[in-house]
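# A closer look at the structure
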Amino acid sequence: MLKLMKKVAMYSVIGASLLTSANADKTKLTMYYPVSVGGPLTKIVDSMVNDFEKQNPDIDVKAIYAGNYNDARIKSLAALKAGEPAQLAVMFSIDVYDLIEQNAIVSFSDLAKSQEDKKWLKSFYPALMENGTTLGKVWGIPFQRSTIVMYYNKDAFKKAGLDPNKPPKNWDEMISMGKKLTNDKQWGLMIPSTGYPYWMFGALAKQNGEVLMNGEGTKTYFNNPKVIEALQYWKDLSSKYKIMPEGTIEWGTLRKNFLSGKTAMMWHSTGNLTAVKKNATFDFGVAMLPAKEMRGTPTGGGNFYVFKNTTPKQKEASLKLIKFMTSPENSAKWSIGTGYIGISKAAYETPALKKYVEEFPPAKVARDQLDFATAELSTYQTGRVRKILDDSIQAVLTDKKSAKDALNDAQNQATRLLKDYK
Amino acid sequence: MRHVYGWLLLLPGFILIVAFTHYPTVTTFINSFFSNQTVLKPRRFIGLDNYEYMIHDPIFMQTLKNTLYFSLTTVPLSIMIALAMAIFVQEKIKARSIVRLAYFTPTILPMVAVANIWLFFYAPEIGLINQVLHYFGFNEYNFLGDRDLVLGSTIVMTVWKEAGFFMIFYLAALQGISKELYEAAKIEGSSSWMTFTKVTFPLLMPTTFFVMINALINSFKMIDHLFILTKGGPDNASNLLLYYIYDVAFSFFDYSYAATLTIVLLSILIIISLIQFGLIEKKIHYK
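Residues numbered from 1 in each chain as written. Chains lettered and ligands numbered in written order. Predicted model: local features only at pLDDT ≥ 70, side-chain atom pairs only at ≥ 80, totals over all residues. Heavy atoms only, no water.

Before going further, it helps to spend a moment on the interface of chain B and chain A. How big an interface is tends to be stated in terms of the accessible area lost upon association of its parts. Each partner contributes to the interface: chain B provides 33 residues, whereas chain A provides 33 residues. For the chain B face of the interface with chain A, the top three residues by lost area are Glu125, Phe252 and Phe253 of chain B, together amounting to 21%. The interface formed by chain B and chain A holds 2 salt bridges in total. Ionic pairing is found between Arg384 of chain A and Asp254 of chain B, a salt bridge with its closest N-O pair at 2.8 Å. There are 10 residue pairs in polar contact (both at pLDDT 80 or more) connecting chain B and chain A. Of all the elements in the fold, those that place two or more residues in the side of chain B that touches chain A are helix 5 (111-122), helix 10 (224-229), helix 11 (241-251) and helix 12 (255-280) of chain B. Sort the elements by how many residues they give to the side of chain B that touches chain A and helix 11 of chain B lands first, with 5 residues. Of the residues assigned to the side of chain B that touches chain A, the class counts are 20 nonpolar, 7 polar and 6 charged. (Contact = heavy atoms within 4.5 Å. Buried area = accessible area lost by both parts, 1.4 Å probe. Salt bridge = Lys/Arg side-chain N within 4 Å of Asp/Glu carboxyl O. Polar contact = N/O pair within 3.5 Å; in protein donor to acceptor, adjacent residues only side chain to side chain. Helix = DSSP H or I, 4+ residues; strand = E, 2+ residues; numbered from the N terminus. Nonpolar A, V, L, I, M, F, W, Y, C, P; charged D, E, K, R; others polar.)

This part covers the nonpolar core. By size, the foremost hydrophobic cluster in this structure holds 141 residues, and its most contacted members are Phe108, Ile141, Phe201, Trp234, Leu237, Trp267 and Met325 of chain A. Among residues more than four places away in sequence, those in contact with Phe201 of chain A are Leu212, Val227, Ala230, Leu231, Trp234, Leu389, Ile393 and Leu407 of chain A. Counting residues in each nonpolar core, the second largest holds 41 residues, with Met54, Met85, Ala215 and Val248 of chain B among its members. (Core = buried A, V, L, I, M, F, W, Y, C linked by side-chain atoms within 4.5 Å. Buried < 20%, exposed > 50% of the residue type's maximum accessible area, 1.4 Å probe, protein only.)

Further remarks concern the pattern of salt bridges. It is possible for side chains bearing opposite charge to pair when their charged atoms get close. Scanning all chains against the criterion turns up 15 salt bridges over all chains. Note that Asp235 of chain B is salt-bridged to Lys400 of chain A, the shortest N-O span being 3.6 Å. Residue Asp235 of chain B is found in the loop between helix 10 and helix 11, and its partner Lys400 of chain A is found in the loop between helix 19 (382-397) and helix 20 (403-418); the two belong to separate chains. On the accessibility criterion, Asp235 of chain B (10% relative accessible area) is buried. The partly exposed category is assigned to Lys400 of chain A, whose relative accessible area is 46%. In this structure, Lys401 of chain A and Asp409 of chain A form a salt bridge, with 3.2 Å as the shortest nitrogen-oxygen distance. Its relative accessible area of 32% is what places Asp409 of chain A among the partly exposed residues.

Moving on to the pairing of strand 1 (residues 27-33) of chain A. Along any regular strand, the residues point their side chains to alternate faces of the sheet. All names here are of chain A. When you tally the buried positions in strand 1, you get 6 out of 7 residues, the bulk of the element. In the sheet, strand 1 pairs with strand 2 (residues 59-65) via 7 bridges, with the strands oriented parallel. Note that in strand 2 the partner of Tyr33 across the bridge is Tyr65. Sheet topology places strand 1 next to strand 3 (residues 88-92); 2 bridges connect them, and they run parallel. Across the sheet, Met31 pairs through a bridge with Leu88, a residue of strand 3. (Pairing = 2+ DSSP bridges.)

Before going further, it helps to examine the packing of helix 10 (residues 197-207) of chain A against helix 11 (residues 225-239) of chain A. Residues and elements named next belong to chain A. Close contact between helix 10 and helix 11 brings their axes to 9 Å; oriented N to C, the two are set at 115°. As judged from the angle between their axes, helix 10 and helix 11 are roughly perpendicular. Helix-helix and strand crossings are classified by hand; for helix 10 and helix 11 the assignment is right-handed. Contacts between helix 10 and helix 11 involve Pro197, Met200, Phe201, Leu204 and Ala205 from the first element and Val227, Ala230, Leu231, Tyr233 and Trp234 from the second. Tallied by class, residues from the contact of helix 10 with helix 11 come to 10 nonpolar, no polar and no charged. (Axes fitted to C-alpha atoms, helices over the stretch in contact; angles between N-to-C directions. Parallel < 35°, antiparallel > 145°, perpendicular 65-115°, else oblique. Left-handed = near helix turned anticlockwise from the far one by under 90°.)

Residue and element names in this part refer to chain B. On average, residues of chain B score 89 in pLDDT, and 98% of them reach the 70 mark or higher. At the low end of the mean pLDDT range in chain B sits helix 4 (residues 96-108), at 87; at the high end sits helix 3 (residues 58-90), at 93. The ipTM assigned to the predicted complex is 0.85, against a pTM of 0.87. (pLDDT = per-residue confidence, 0-100.)

For the rest of this paragraph, the subject is the packing of helix 11 of chain B against helix 12 of chain B. All names here are of chain B. For the pair helix 11 and helix 12, the least separation of the axes is 8 Å and the interaxial angle reads 160°. One element, helix 11, and the other, helix 12, form an angle in the roughly antiparallel class. Note on packing geometry: the crossing formed by helix 11 with helix 12 is left-handed. Contacts between helix 11 and helix 12 involve Leu241, Leu242, Tyr244, Ile245, Val248, Ala249 and Phe250 from the first element and Tyr255, Tyr257, Ala258, Leu261, Thr262, Leu265 and Ile268 from the second. Looking at the contact of helix 11 with helix 12 residue by residue, the class counts come to 13 nonpolar, 1 polar and no charged.

The geometry of two aromatic rings is summed up by the distance between their centres and the angle between their planes. Across all of its chains, the model carries 39 aromatic pairs over all chains by this definition. Between Phe143 of chain A and Trp334 of chain A, the aromatic rings sit 4.8 Å apart at their centres with planes inclined by 20°, giving stacked as the arrangement. Taken together, the positions of Phe143 of chain A in strand 7 (residues 141-153) and Trp334 of chain A in helix 15 (residues 328-338) put the pair 191 residues apart, joining distant regions of the chain. Each member of the pair, Phe143 of chain A as well as Trp334 of chain A, is classed as buried. On the basis of an interplanar angle of 55° and a centroid distance of 5.3 Å, the ring pair of Tyr246 of chain B and Phe250 of chain B is categorised as tilted. One end of the pair is Tyr246 of chain B and the other is Phe250 of chain B, both in helix 11 and 4 residues apart, which spans about a single turn. Under the relative-accessibility criterion, Tyr246 of chain B is labelled buried at 19%. Ring-pair connections join several aromatic residues into one group, and the members of that group are Trp118, Phe121, Tyr122, Tyr141, Phe143 and Trp160 of chain B. (Phe/Tyr/Trp six-rings, centres within 6.5 Å; stacked < 30°, edge-to-face > 60°.)

Right, let's get into the side chain of Asp235 of chain B. A distance of 3.1 Å separates the side chain of Asp235 of chain B from the side chain of Arg147 of chain B, its partner in a polar contact. Among residues more than four places away in sequence, those in contact with Asp235 of chain B are Asp391, Gln394, Ala395 and Lys400 of chain A together with Arg147 of chain B.

Structural data, given as structure tokens:
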């Protein structure tokens, strides 16, 4: 009896030590991610992470929902400073210069060494890679990405005697149709100018054939004539053509405005698609933004980043996780669940997404628009530069400054901020 | 031996105050004389450069102006309304407790929720206020999109939120005033206005003083609503000092400039407290 007990004790000690050593061998990853649109997105992320852990029993992932983009960045960097860093995170795609400057992240060009990894780096839509690529390296892998699209009320189009299947293709048409759509109860168009005015403005500038900054994040083009013209057009929509209300238009209540028929057309993120689909009481359409010189929209949304302060083993595991999360199947699942763009061509070739797009064509507008997309405004000192532009846009829309003065001032301030980064 | 006990009893509070108040204050003060640290630019001593930049920073000047305006309007307004409400619900009216509850309700709600509700009150076209204006044939306003209206709109919301909270203090104080004083006033034939100015109001002074300090400090701390309502816009028309500090620190990553701005905020609060405790308190009648 005594012998038996001794044996049991011995085995249990061995067993326990085996168990702990198995635990110690597990690579532990902490990942922060943001959610900035409605819907049960945390559930989708959790289920994807669970699938990953099942496939990779040696890796343990702690996925932490961290609020909106701003919160996610603050939490990740705070954890870094506190000495309990996350290994990877989804953060705003335009945070890249700040993260490089904080020496917080490693580039995927350095992480992806094998031939297969290098091929994987090339598998995404090029437009989505723009914001994550600088200094000749890739720093961010697209995950929850969007473009601006135009939602329009087909019933209102019919009522105004317009063809509901022909949304405006260019700036002039948008004005002429907008005038027909504007009456006592309804505006023709609303473009939001709080929250992310620089984002909407990036679209107008691109449509007029200009971009807002260079690819190195060291120079802005705020006062180029075509850019000034674009802001003047935005202002004219309300003050001259009267198809849009005066003052600034609130990002947060715009969807409600559209859904309750107070505006016939709205520009908004494709991230709202599922919410509009669920709540619209009328027939609605989704169209690409209209063109002036060309069509155009900035991309938006979040990228994967890997933090510098991680062991080689964790880096390897992080890369594995990111590859899993961005695989065509998971990207398709993500896109259907949210409205975000599938990030690679292969995602749209999966049976699931193929079927969804066939049944619900608006789901592919944002993807098709990628052909005309440009990078979202992002430079060194990004927060400041963005605020300068936001303030200038709002100053023009609220009649404080002319488009020319506002953008000249903005350009001067931005140049001063960026002079050390050449 | 007694000394040791005394110090030991003080120790927990002392540690907390040093760790979370004095130490951060001192490091903030020191940081404001250094440049911001990034990989490209290491931290170095720059003397008063941050302060010089601040004086020429138009956004700082705007936020300072807005903050002072915000405080000097919300504080007296919410105190006056709180006092009026307290006197009203002190009297024997019908459904007194329901009215009291109604006045107090805004206080229970979190600021972010309040801001979300008011976002839809203020919205043009679909907003409650505009629909009422429209119904009676008035012009509609873009409350949050018009630089002349936006700060006023946030002030109205703040007063609505704050007044109910201060009412509770006044209500408690009113119940503490001895009935005999009112009986005496009645016998002397004092009018109700006279009774209020000569009896009620002077006896409420300690409460008013307490409420005023709280209200002023609150008004400088109040930024939650800006995250939802306006983000300080349009074009900084509703930006407040603390929100700007948050922006500088966490959107711009400029911790040293944020430290500089924090020192300014701190100085303002210290000056206010000195004035309150040094000058005003002496004139207050305590029982």
